[in-house]
Amino acid sequence: MAALTNDIFIGPRATPSYHFTNRAIALNSLTGVFGVDVIGNNLSVDTFSFSARHQFDVDMIYAPIGKSGYLDTNNKIYLVKKTGVAQYSYFVPDRSDRLVDINDRIFRVFDGYASDGYLMSLPFGTPVFWYVGGSFFRKGYVQKVERLARYAWKVTCISGIGLLDGKYHVGGLYNAETFTNICRDIIGGAFPFSIDSAVGATLIYGHLPYDTARNNLHRLLFAVGAAMVRGSANTDYTIRFLSDIVTNVPDSRIALGGAVAYNTPATRVEITEHAYFSISSDEEVKLFDNANGGTAVQNTLVIFKEPVHDLAVTGSLTISESGVNYAVISGVGTLTGKKYTHNESQVILGSNSADPNTKSVKDNHLISFANSNNVAQRILDYFSSAKRLKAKMILQGEKTGDCLSLHNAFGEASDAYLSKMQVNVTSVIGAQCELVEGFTPTGAGNNFTHREVITANGSWTVPSGTELIRIVLIGGGQGGSGGYDGEDGCWFAGGFSPSGAEEGEERGGMYGISNEFADREYGWDDLAYCFEAGVGYRNGEQREPQGGASGAPGAPGKYIVYDRQVQGGDNITINIGTGGAGGARNGVAGAEGGATTAQSSRFGTLTSADGVSSDTGYYDVLGEETFAQPGLDGWRGGNGGLSDTSSTYGTSGAAGRAGENVGTFTGGKGGKGKRTEIEVTYWKESESTTPETETFWQRTSGGGGGGAAYGANGSPGGDATIIAGHPFPDDPGYYWGTRYLSGIGGDGATALPPDQATNGNGGQGGNGGGGGGNLGGVLGFCGYNTAQRHIDLGGGDPSYGGTGYYQAKGGHGSVGGQGGNGVAIIYW
Amino acid sequence: MALQRMPLKINRVDFSALTERLGYIIVYEERQGSNTMTMQNGDEYLDIIVKKPALTWRLDSLTNSDLARLHAAINAATYVEVEYFDTATNTIKTAYFHGTISEQEVGVIRAGGYYRFRAPVLTMRAR
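Parameters and conventions
Residues numbered from 1 in each chain as written. Chains lettered and ligands numbered in written order. Predicted model: local features only at pLDDT ≥ 70, side-chain atom pairs only at ≥ 80, totals over all residues. Heavy atoms only, no water. Contact = heavy atoms within 4.5 Å. Buried area = accessible area lost by both parts, 1.4 Å probe. Salt bridge = Lys/Arg side-chain N within 4 Å of Asp/Glu carboxyl O. Polar contact = N/O pair within 3.5 Å; in protein donor to acceptor, adjacent residues only side chain to side chain. Helix = DSSP H or I, 4+ residues; strand = E, 2+ residues; numbered from the N terminus. Nonpolar A, V, L, I, M, F, W, Y, C, P; charged D, E, K, R; others polar. Patch = residues over 30% accessible without salt bridge, like charges linked within 9 Å, V, L, I, M, F, W, Y side chains within 5 Å. Areas by Shrake-Rupley, 256 points an atom, 1.4 Å probe, with all protein chains shown as cover. Buried < 20%, exposed > 50% of the residue type's maximum accessible area, 1.4 Å probe, protein only. 1 Å grid on protein atoms, 1.4 Å probe; cavity = no way out; pocket = protein on both sides within 12 Å on 5 of 7 lines; lining within 4 Å. Points joined across faces, edges and corners; volume = space filled by probe spheres on them. Axes fitted to C-alpha atoms, helices over the stretch in contact; angles between N-to-C directions. Parallel < 35°, antiparallel > 145°, perpendicular 65-115°, else oblique. Disulfide = S-S within 2.5 Å. Pairing = 2+ DSSP bridges. Arc of directions from axis to C-beta. Expected span 1.5 Å × (residues − 1). pLDDT = per-residue confidence, 0-100. Left-handed = near helix turned anticlockwise from the far one by under 90°.

Participant: In this structure, what is going on with the interface of chain B and chain A? I would like to understand it.
Facilitator: The extent of an interface is frequently quoted as the accessible surface area lost upon association of the parts. Listed per partner, the contact involves 21 residues of chain B and 27 residues of chain A. Interface area, chain B with chain A, both sides summed: about 2000 Å², of which 52% is carbon and sulfur. Interface area lost by chain B to chain A is led by Asn35, Gln40 and Ile49 of chain B, which between them contribute 31%. Across the chain B-chain A interface, the total number found is zero salt bridges. One can count 13 residue pairs in polar contact (both at pLDDT 80 or more) joining chain B with chain A. At the level of elements, strand S4 (37–38) and strand S6 (48–58) of chain B are the ones that each hand at least two residues to the side of chain B that touches chain A. Looking at the side of chain B that touches chain A element by element, the count peaks at three residues for S6 of chain B. Each residue belonging to the side of chain B that touches chain A can be placed in one class, and the counts come to eight nonpolar, nine polar and four charged.

Participant: It is not clear to me how a nonpolar patch on the surface should be interpreted in this structure. Could you clarify?
Facilitator: Residues and elements named next belong to chain B. A cluster of nonpolar side chains, Val106, Ile109 and Tyr115, forms an exposed patch at the surface whose accessible area comes to about 270 Å². Among the structural elements, tyrosine 115 can be located in strand S11 (residues 115–118). Here tyrosine 115 falls in the partly exposed class, since its relative accessible area comes to 32%.

Participant: I'm lost on the layout of surface pockets in this one. Help?
Facilitator: Think of a ball as big as a water molecule: rolled over the atoms, this probe shows where empty space is left. Residue and element names in this part refer to chain A. By volume, the second largest pocket amounts to about 850 Å³. Lining of the second largest pocket is provided by 37 residues; of these, Val347, Asn373, Arg470, Val561 and Asp563 occupy positions nearest its centre. Those elements that provide at least two residues to the lining of the second largest pocket are strand S22 (268–277), strand S29 (341–350), helix H5 (372–385), strand S37 (468–474), strand S43 (559–565) and strand S47 (618–620).

Participant: When you look at unusual backbone geometry in this model, what are you seeing that I'm missing?
Facilitator: Leaving glycine aside, a negative phi is the common case for residues, and trans is the common case for peptide bonds. In this structure, alanine 628 of chain A takes a positive phi of about 55° despite not being glycine. For alanine 628 of chain A, the location among the structural elements is in the loop between strand S48 (625–627) and strand S49 (674–682). On the basis of relative accessibility, which here comes to 0%, the residue alanine 628 of chain A falls in the buried class. In this structure, asparagine 90 of chain B is a non-glycine residue whose phi angle is positive, near 55°. Within the secondary structure layout, asparagine 90 of chain B lies in the loop between strand S8 (80–86) and strand S9 (91–101). For asparagine 90 of chain B, a relative accessible area of 59% puts it in the exposed group.

Participant: Even after reading the chapter, I still don't get the packing of helix H4 (residues 213–224) of chain A against H5 of chain A, so can you show me in this structure?
Facilitator: Helix-helix packing: each pair is described by the crossing angle between the helix axes and the interaxial distance. Residues and elements named next belong to chain A. Closest axis-to-axis distance for the H4/H5 pair is 8 Å, and the angle between their directions is 85°. Here H4 is positioned roughly perpendicular relative to H5, judged by the angle of their axes. Contact residues: Phe222, Ala223 and Val224 in H4; Val375, Arg378 and Ile379 in H5. Of the residues contributing to the contact of H4 with H5, the split by class is five nonpolar, no polar and one charged.

Participant: Please clarify how the state of the cysteines should be interpreted in this entry.
Facilitator: Working definition: the covalent bond between the sulfur atoms of two cysteines is a disulfide. Counted under the stated rule, the structure contains zero disulfides over all chains. With no disulfide of its own, cysteine 403 of chain A has cysteine 433 of chain A as its nearest cysteine by sulfur position, at a separation of 14 Å.

Participant: Even after reading the chapter, I still don't get the side chain of asparagine 6 of chain A, so can you show me in this structure?
Facilitator: All names here are of chain A. Counting through the fold element by element, asparagine 6 comes out in strand S1 (residues 6–10). Judged by relative accessible area, which is 5%, asparagine 6 ranks as buried. In contact with asparagine 6, not counting residues within four places along its chain, are Phe20, Thr21, Asn22, Ile25, Leu30, Trp130, Tyr131, Val132 and Val425.

Participant: Sorry if this is basic, but what is going on with the sheet that holds strand S18 (residues 227–230) of chain A here?
Facilitator: Across a sheet, strands are paired by hydrogen bonds formed along the backbone, either parallel or antiparallel in direction. All names here are of chain A. The mixed open sheet is built from three strands, whose spatial order is S15-S19-S18. A single partner strand is all that each edge strand has here, and the edge strands are strand S15 (193–195) and S18. Recorded for the sheet is a direction-independent mean angle of 25° between the axes of neighbouring strands. The sheet contacts of helix H2 (residues 179–187) involve S15, S18 and strand S19 (237–240), and relative to S15 the element is tilted by about 165°.

Participant: Mind showing me how you'd approach the pairing of strand S46 (residues 604–607) of chain A here?
Facilitator: Consecutive side chains along a regular strand alternate between the two faces of the sheet. Bridge count for strand S45 (residues 597–600) of chain A against S46 of chain A is four bridges, and the pairing is antiparallel. Bridging across to S46 of chain A, alanine 598 of chain A finds its partner in leucine 606 of chain A.

Participant: For this particular structure, what's the right way to read the side chain of threonine 156 of chain A?
Facilitator: All names here are of chain A. The residue threonine 156 is located in strand S12 (residues 152–158) in this model. Overall, the relative accessible area of 11% leaves threonine 156 in the buried class. Filtering out sequence-adjacent residues up to four positions away, threonine 156 remains in contact with Phe48, Ser49, Tyr141, Val142, Gln143, Lys144 and Glu146.

Participant: How do you make sense of the environment of serine 600 of chain A when you look at a structure like this?
Facilitator: All names here are of chain A. Counting through the fold element by element, serine 600 comes out in strand S45. A C-alpha to C-alpha distance of 55 Å links serine 600 and asparagine 639, two positions 39 residues apart in sequence. Excluding its chain neighbours within four sequence positions, the residues that come into contact with serine 600 are Asn571 and Ile572. Of note is the side chain of serine 600, whose polar atom sits 3.0 Å from the backbone nitrogen of arginine 602.

Participant: What's the story with the pattern of salt bridges in this structure? I'm lost.
Facilitator: A side chain of one charge can pair with a side chain of the opposite charge when the charged atoms of the two come close. All names here are of chain A. Counted under the stated rule, the structure contains 22 salt bridges over all chains. Between glutamate 273 and arginine 470 there is a salt bridge, and its shortest N-O distance comes to 2.8 Å. You can see glutamate 273 sitting in strand S22 and its partner arginine 470 sitting in strand S37, a full 197 residues away along the chain. For glutamate 273, a relative accessible area of 8% gives the class buried. The closest approach of N and O atoms between aspartate 563 and arginine 470, which form a salt bridge, is 2.7 Å. Of the two residues, aspartate 563 is situated in strand S43 and arginine 470 in strand S37; the sequence distance between them amounts to 93 residues.

Participant: For this particular structure, what's the right way to read helix H1 (residues 64–74) of chain B?
Facilitator: Working note: α-helix, 3.6 residues per turn, so residues spaced by three or four point in the same direction. For H1 of chain B, the set of buried residues is Asp66, Leu67, Leu70, Ala73 and Ile74 of chain B. The arc that holds the buried residues of H1 of chain B, viewed along the axis, is 125°, so those residues lie on one side.

Participant: Can you walk me through the pairing of strand S11 (residues 135–149) of chain A in this structure?
Facilitator: All names here are of chain A. With six bridges connecting them, strand S10 (residues 127–132) and S11 associate as antiparallel partners. Residue pairing in the sheet places proline 127 in a bridge with tyrosine 141 of S11. Between the antiparallel neighbours S10 and S11 lie two residues, among them glycine 133 with a positive phi of about 60°. Judged from the seven bridges that link them, S11 and S12 form a sheet pairing that is antiparallel. Following the sheet pairing, arginine 147 is matched in S12 by tryptophan 153. Between the end of S11 and the start of S12, which pair antiparallel, lie two residues.

Participant: Please clarify how H4 of chain A should be interpreted in this entry.
Facilitator: Residue and element names in this part refer to chain A. Its 12 residues place the ends of H4 17 Å apart at the C-alpha level, agreeing with the 16 Å of an ideal helix rising 1.5 Å per residue. Ala213, Asn216, Leu217, Leu220, Leu221, Phe222, Ala223 and Val224 are the residues of H4 that are buried. Trailing H4 by a residue or two, glycine 225 shows a phi angle of about 85°, which is positive.

Participant: In this structure, what is going on with empty space enclosed by the protein? I would like to understand it.
Facilitator: All names here are of chain A. Under the definition given, this model contains two cavities of 30 Å³ or more. As a volume, the largest cavity reaches approximately 270 Å³. What lines the largest cavity is a set of 28 residues, and nearest its centre among them are Gly35, Asp46, Ile161, Met228 and Tyr237. Counting residues per element, the ones that place at least two in the lining of the largest cavity are strand S3 (31–35), S11, helix H1 (160–163), H4 and S18. In terms of residue count, the dominant contributor to the lining of the largest cavity is S11 (four residues). The class makeup of the residues in the lining of the largest cavity is 12 nonpolar, 10 polar and six charged.

Participant: Before we go on, may I ask you to explain the confidence of the model for chain B in this structure?
Facilitator: Reading fine detail from the predicted coordinates is not recommended where pLDDT is low. Summarising the model, chain B shows a mean pLDDT of 83, and 89% of its residues fall at 70 or more. Mean pLDDT across the elements of chain B bottoms out in S11 of chain B (71) and peaks in strand S12 (residues 121–126) of chain B (91).

Participant: Explanation requested: the packing of H2 of chain A against H4 of chain A in the structure shown.
Facilitator: Residues and elements named next belong to chain A. In the contact formed by H2 and H4, the axes pass within 9 Å of each other and the chain directions differ by 160°. One way to sum up the angle between H2 and H4 is to call them roughly antiparallel. Two packed elements cross with a definite hand, and for H2 against H4 that hand is left-handed. Here H2 contributes Phe179, Ile182, Cys183, Ile186 and Ile187 to the contact with H4, which in turn contributes Ala213, Asn216, Leu217, Leu220, Leu221 and Val224.

Participant: Looking at this model, I keep getting lost on the sheet that holds S6 of chain B. Mind explaining?
Facilitator: All names here are of chain B. As summarised here, the arrangement of the seven strands in space is S2-S1-S8-S9-S12-S6-S3, forming an open sheet in which the pairing is antiparallel. In the strand order of this sheet, the two ends are held by strand S2 (13–14) and strand S3 (24–32), each with one partner. Note that S9 and S12 share five bridges and pair antiparallel. Paired with threonine 100 across the strands is threonine 123, a residue of S12. Across the sheet, H1 lies against strand S1 (8–10), S2, S6, S8, S9 and S12, angled at about 100° from S9, the strand it touches most.

Right under this line is the structure:
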C-alpha cells in the first residue's frame, strides 16, 4: 500500500514551468469531475483541481564542516550559503533552483519566501497535465489560481471544452457539409482533437447561429449523436459514437451503498426538423441603418437574428466581411438582406394517448430531414427507459463514455454507461460515479443519405439493408385560372363627326376637346364648326384600352411526409397525380390536381390528399430543389395603342401609337396619320360683304396598334385615308367633299396558353389578351359647302364611301396553364 | 552490566544518555486517504497511504538544562532529523519528525538553582 504517484506538469509537457508531485500536493485535494452525456443533452466542462505547497523546508545536504564549497563529478562548484539555522549550511547552485548532492541526486529548492506572483501569474489557458502512477490521466487548462496560505496554492483547471466558452463561432448555413469541416471550424486551434471516421463523414444540413463555440459544438454533437471522450496527452478528445463494448467491473471494486434512480418515462417525443432555402419572394429586411444623421461606423460587427442572403448596402456603407449570420461594415448607410425561407416540420414518435409525457427538441437547427428520426429515437429510448445509477468505485482505466457491466446498489446485474465521475486519487483512483442503465445509444448519424424522385407511375423496391424510408408524396397542382380578354379599342357611340362629342363631352369613347367655331355665325357657305376630338377617353381621361389581366395562378399540389419502417426487397407502388387542367378564359378557376399515392403490403396506402398546400412549397434538401409551389403569374395582355393624343396643331399627320409589347411579342404598329391644309373663303359675319380667306388644316391620326399577348403580336392600327367627295344619297345637291378619315384601331392579340407546370406546382395563370387599339382621332376643320373637306372617324360611314366604322377588338385571354403533375420522393 | 541505551539523537544532539532509565515508545501510524470503503463483496478496503512511526518518550526528572537542550533540538525546525531505533526493521534509522513536549511540571527544586521536572512527555511524529 502506498499513495499512487501524482505528477502535475504545468506548461508545455516537454518543458513544464512547474512540476508538482505527491509531496507538494495536499492529500485528498487532487480531485476531478469528468462527464459525458450519453444522449448529448449537455456538453459539460470537465474540471480538476489541486492544492499544493510551493515552499518546503529546504532539502539539505551537508557540507563538511569548515568547508566552503563542493566540487561535483562534473567539475561544477557549489557554494556554501549560510542559513538562518546557524549550525548548518546547504549547497545552492548559483542562480539555480536545484540542489545536487554528492551522490548526484537532484533536489528541488524552493525559495524560502514565495513571491505574491508565484503561480498567480499563470495565464488562463495554460495547459496542465496530470499523470497517475506514471501514466497519462487527464489534461486541462488553468482556469484560476487561488492563494490559500502563505505557501499554499489551489489551481483549478478546465477541459478544452471550457476554453470554447470564451470563443465565438460565426455559424453558417450548411448543405451536405461534413461533420469534420464544421467541427474544425468551430474548435479551430483551441485544443487538439481527433474525429472517428464514421462521425467525420456524416453530412450536415441546417443552420448554426452566431454563438459561443461551445454552444455550436453542442448543437453539432447532439444532431449527430456523437460524444467527446477523453483522448491522450497529445489529443484532448476523440469524437466518436459511443461504443457498446462492455467492460466488467467486479464487486471488489465497487463500494457498498450507491443508489438507483428512475426517470419518469417519456411516452412521446416531438422533434422539430428544419430546412433553409432561398426563393425569389424571400422577405427583405433592414439589418442596419445609420443613414439619417447617424455617426459613421468603422469595422462594426452586425449580428443578424436570422440567416439572410443577398446583402446590399446604400450610401457610403461597405462590407468587409460577411456570412449568413453577420456582416462587418464601415461607413454610413443602410444594410439590407433577404431572410432565408425556414420550413419546420415535426417527427413524432411514441404514444398518441391523451396525456403523454412528451419530450421535445425544437431549437437545434442542425436537426434536418437527414437525422431527425435518429434524434427522435435516441431521445425516446433514453427518456422512456433509462435508469441512473450511483456508485463509488475504484477505477482501473475506466473512463466516461465506457459501457460497464456491474451490480447496481440493489445487487442487480446492469450494463450501464459511465456518464460522470468525481475522482480522488490516493492509494487508488477512487470515484463517485454516475451511470446510465437501460439505454443503448442508437440513432447516431444520418437516417437518409440517398434519394430518388419518381415522376411516373410504377414500382420502387426498397434496397437491401434499408429499415427506414421517408416518402414525400406531392399531388398534382391546381390548374391556373383563365386569362382575361383585352378591352376593345375606343369607339364612338353612334353618329359621326362632326356630331361627335361636343367640347367637354365624352361620348362613346370620344371626347370633345374644343370647338373653336361653335359660336360663329356663317353665311350660306357656312362652315360647320369644327372640333377637335380625341378618341379613347374614359371618365374624362384618355387612356389606352387595357390588355387583359392574367388569370390567378393555380394552388400547389398538397404534399405529405411519411417515415415508414421497411425491409429490403419491399415493393412500393407509386401512382402519380395528374396536374389539374387550366380554367377557361376570363377568370374561370382551374381544376384541382390529382393525388399521388404510395402503396405497400407493409404499410398500406399513403396519399398526398391527406397533406397540405404551402406557399413556400416542399424543399428537397438533398436535391436542393423545391416542389409544390404556387403557380406563376401569367402574362398580362399588352394595352392597345392610343391615337394621337396631342391637341396642338402639329405640322404632320399624327400617327397612332403602337400597342404594348408583351415579352418578345410586339404590339401592333400605330397607323399613319394625314394632315392637309385648305384655304377657305368665308364670310365671318352674316352682314359681312367682304369674304375672308383663311387657311385651315385638317389632321387625322392613324389608329392605335393592338396590344400584344403572350404568343402573338398585336394587329397594326389603320392608316388615316382620304376618300374623294361623295354625294348625299338623298340629296344629290349636296355631297360630301373630300373626306379625311382617321385610321381604325388594330385588334388586340389573342394569348396562347402557358406551358404545363412541373413538380406539383400550381398551373400558371392564363395569359391576358391584348387590348384593341383606339380609333384615330380628328383635329381640325370641316365644312359643308361643295368645296368642303370632311373629316370623319375610323373608316367612315360606308354610305358615304367609308369602309365602315370599326371598333378594334380586344384579344382573347388564354386558358389557364395546367398544374404540374405530382411527384414522389423517396429517401433512404 | 550497564543498561543498553536506546539511541536517540535529535537534530544531531545526542540524548541517548537520557534514555538510560526510561526508553521511548514507538508506534506505527496508518495514514489513510478518503478512499477507505467496504466493497460490495464485503471486503474492506483500507486506503492506507503510508505507515509512519511516532515516538513517545517519557522524560522523568529532566533537569532544566536538559529540558532546554531538548527544546532547542526539537524547535530547530518544524521537522528535525531524529536518529532512533526502528522496531519494524530492527535497525537504527534516521528520519524527520515533528516533536512536541507536554506540560512541564516542576518536580524537585534542588539546591544550586536547578530543577527537575516531573514526567513531561515528548511526542514525535514522523513527517
